[in-house]
Amino acid sequence: MSHQVLIMGAAGKDFHVFNTCYRQRADARVVAFTATQIPNIENRHYPPSLAGPLYPEGIPIYPEEKLAELIREHGIDEVVFAYSDVKKSYVEERRKIAEGAGAAFRTFDVDATMIPSRKPVIAICAVRTGCGKSQTSRKVVSVLREKGYRTIAIRHPMPYGDLAKQNVQRFATLEDMKKHECTIEEMEEYEPHVRSGAVIYAGVDYGAILAEAEKEAEVIVWDGGNNDTPFYRPDLWITVADPHRAGHELTYFPGRTNFERADLIVINKVDTAEEEGIATVERNAREVNPGATVVRASSPVSVPDPERIRSQRVLVVEDGPTLTHGEMKYGAGIVAARKWGASEIIDPRPWAVGEIAGTFRKYPAIGTLLPAMGYGQQQMDDLAATINAVDCDLVLIGTPIDLGRIIDIRKPHMRVTYELDEEGDALVRAIERAAKAKT
């Protein structure tokens, strides 16, 4: 009998672990995936068209709550933990459940899941969700394009719909996002690249995605998700750290791996962080990764009309995952509200409806901010209904996308944007060197 395996995930790295480590192995059989973190991703199947000829019926996906039951029912020999942005203590709790039910337990193999590319790869990763990967990725792509390199970004997976249809996705226009029925979470990552004129790929099978991207790219930029490790073997490994959450670079999985293995560490948000937090991250970098180049950077916010904020009662909408499993207490919207003198931050919870109310129940520490959750149409509708019900003068939107383009906001609203502003030229020089790595 073959080795029976269960992969724990969140509709992303789990599929990649299967594709790179198990899809063609006759001596090991992946019996099931479990899913968590993302709403409504369980009770599906990894389809036969992606699972391959060894899995003619595909692979079922179950809620993580059934882990122990599945181990006992299917005689699972080994559980592989394959998702990101969790405390190391959380991983150990799952280890105890798996081992208590009779299975061995391990985390995914970082090196085995990094696919080599024929083209130079620059990977942007982080120690936590919400550190500033997106603006760092935009900065890297911008530098490369200014230097004349045909640059393709490939984004960490967010396949929340039909997995077979989402196998390889290419986004070059806003219409492409509509065609692929993207969620708010997907659009937050794709839209900034597209608006700048860049092309971005995503999907499910990252071997197939790379093969397509290499046809049109001179340089590949891996735009990571959460605090996951790169799916491609990088020629330059950039990790973004957050001094507002100093110490998390050592205590969250697998962000510590990114911190330990980075060629260059960007300490972001130094314009709004305490010097003590910045110094802690710098000290930890010296101790666990003394060979890394460390760069300080800011994320200055801007709005089209600062005077519209002054003395207003504002509802602040921030990036959803940053507030939920990212555990941040504020983002760009709050920074803008404070900088330009809002009189009050309105608590949205009394007006929250449907799945947005459910998000507050699941993550009570969010507080007086509204997470821009939109993993499906119902959640988007509930987000719009919540925003439009709140008694406020102005809605400040600190998400990476034009939220007003996606949902019907019937209140005065304003976008807050932010870009990376690094100190010195070490980041640009590292990008230039990496771009020439395989020439």
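Up top is the structure these notes are about.
No experiment lies behind these values; they were computed from the predicted model shown.

Caption draft 1: Layout of the pattern of salt bridges. Enumeration according to the criterion identifies 36 salt bridges in this entry. Notably, a salt bridge pairs Glu99 with Arg95, separated by 3.9 Å at the nearest N-O pair. Taken together, the positions of Glu99 and Arg95, both in helix α4 (residues 88-100) and four residues apart, correspond to about one turn of that helix. On the basis of relative accessibility, which here comes to 44%, the residue Glu99 falls in the partly exposed class. For Arg95, a relative accessible area of 24% puts it in the partly exposed group.

Caption draft 2: Fine view of helix α17 (residues 426-435). Residues of α17 that are buried include every one of Ala426, Leu427, Ala430, Ile431, Ala434 and Ala435, and no others. In a view along the axis of α17, the buried residues occupy a sector of 165 degrees, so they form one face of it.

Caption draft 3: Representation of the sheet that holds strand β10 (residues 168-171) within the structure. Read across the open sheet, the nine strands follow the order β10-β11-β9-β12-β8-β13-β15-β16-β24; overall the sheet is mixed. Edge positions in the open sheet fall to β10 and β24 (421-422), since each of these has one partner strand only. For β10 and strand β11 (residues 199-203), the ladder comprises four bridges, and the chain directions are antiparallel. Across the sheet, the residue bridging to Phe171 is Ile200, located in β11. The sheet strands contacting helix α5 (residues 133-146) are β8 (121-126), β9 (151-155), β12 (219-223), β13 (236-241) and β24, and the helix crosses β8 at an angle near 160 degrees.

Caption draft 4: Spotlight on the sheet that holds strand β3 (residues 44-46). Strand order across the open sheet formed by six strands is β3-β4-β2-β1-β5-β7, with mixed pairing between neighbours. One side of each edge strand has no neighbouring strand; the edge strands of this open sheet are β3 and β7 (104-107). Neighbour-to-neighbour, the strand axes of this sheet turn through a mean angle of 30 degrees, independent of strand direction. Where strand β1 (residues 3-9) meets strand β5 (residues 78-81), four bridges bridge the pair, whose relative direction is parallel. When the sheet's bridge partners are listed, Val5 is paired in β5 with Glu78. Lying over the sheet, helix α3 (residues 67-74) contacts β1, β2 (28-35), β4 (59-63) and β5, oriented at roughly 165 degrees with respect to β1. Taken strand by strand, α4 contacts β1, β5 and β7, and its axis lies near 155 degrees from that of β7.

Caption draft 5: Layout of the packing of α5 against helix α7 (residues 184-195). α7 packs onto α5 with a crossing angle of 25 degrees between their chain directions and a minimal axis gap of 11 Å. Between α5 and α7, the crossing angle belongs to the class labelled roughly parallel. As for the relative orientation of α5 and α7, their crossing is right-handed in sense. For the pair α5 and α7, contact is made by Ser134, Ser137, Arg138 and Val141 and by Glu189, Pro192 and His193, respectively. In terms of residue class, the contact of α5 with α7 is built from two nonpolar, three polar and two charged.

Caption draft 6: How the structure looks around the pairing of β5. Residue alternation in β5 divides its side chains into two sets, Glu78 and Val80 and Val79 and Phe81, and both sets are buried. Direction of pairing for β5 relative to β7: parallel, over a ladder of four bridges. Residue pairing in the sheet places Phe81 in a bridge with Thr107 of β7.

Caption draft 7: Focus on α5. Taking 1.5 Å as the rise per residue, α5 with 14 residues should run 20 Å; its terminal C-alpha atoms sit 20 Å apart, in good agreement. Every buried residue of α5 is listed here: Lys133, Ser134, Gln135, Thr136, Ser137, Arg138, Val140, Val141, Val143 and Leu144. Among the residues trailing α5, Gly148 stands out with phi positive, at a value near 95 degrees.

Caption draft 8: Quick peek at the packing of α5 against α17. In the contact formed by α5 and α17, the axes pass within 10 Å of each other and the chain directions differ by 60 degrees. On the basis of their axis angle, the class for α5 and α17 is oblique. Relative to α17, the crossing made by α5 is right-handed. Contacts between α5 and α17 pair Lys139, Val140, Val143 and Leu144 from the former with Leu427, Val428, Ile431 and Ala435 from the latter.

Caption draft 9: Here's a closer look at the side chain of Arg128. If you trace the backbone, Arg128 turns up in the loop between β8 and α5. Looking at Arg128, its side chain comes within polar contact range of the side chain of Asp85, at 2.6 Å.

Caption draft 10: Broad picture of the packing of aromatic side chains. Under the defined criterion, the tally for this structure stands at 18 aromatic pairs. A ring pair is formed by Phe33 and Tyr46, whose centres lie 5.6 Å apart and whose planes are at 65 degrees; its orientation type is edge-to-face. Residue Phe33 is located in strand β2, and its partner Tyr46 is located in strand β3; the two are separated by 13 residues in the primary sequence. The buried category is assigned to Tyr46, whose relative accessible area is 0%.

Caption draft 11: Local environment of unusual backbone geometry. At the junction of Phe253 and Pro254, the peptide bond is cis and its omega measures out at -10 degrees in the coordinates. Within the element layout of this structure, Pro254 appears in the loop between β14 (252-253) and α10 (255-261). Unusually for a residue other than glycine, Ala11 sits at a positive phi of about 60 degrees. Take Ala11: it is sitting in the loop between β1 and α1 (13-21). Of note, the phi angle at Asn226 is positive, near 50 degrees, even though the residue is not glycine. Examined against the element boundaries, Asn226 turns out to sit in the loop between β12 and β13. Taking the relative accessible area as the measure of exposure, Asn226 reaches 18% and is therefore buried.

Parameters and conventions
- Residues numbered from 1 in each chain as written.
- Predicted model: local features only at pLDDT ≥ 70, side-chain atom pairs only at ≥ 80, totals over all residues.
- Heavy atoms only, no water.
- Salt bridge = Lys/Arg side-chain N within 4 Å of Asp/Glu carboxyl O.
- Helix = DSSP H or I, 4+ residues; strand = E, 2+ residues; numbered from the N terminus.
- Buried < 20%, exposed > 50% of the residue type's maximum accessible area, 1.4 Å probe, protein only.
- Arc of directions from axis to C-beta.
- Pairing = 2+ DSSP bridges.
- Contact = heavy atoms within 4.5 Å.
- Axes fitted to C-alpha atoms, helices over the stretch in contact; angles between N-to-C directions.
- Parallel < 35°, antiparallel > 145°, perpendicular 65-115°, else oblique.
- Left-handed = near helix turned anticlockwise from the far one by under 90°.
- Nonpolar A, V, L, I, M, F, W, Y, C, P; charged D, E, K, R; others polar.
- Expected span 1.5 Å × (residues − 1).
- Polar contact = N/O pair within 3.5 Å; in protein donor to acceptor, adjacent residues only side chain to side chain.
- Phe/Tyr/Trp six-rings, centres within 6.5 Å; stacked < 30°, edge-to-face > 60°.

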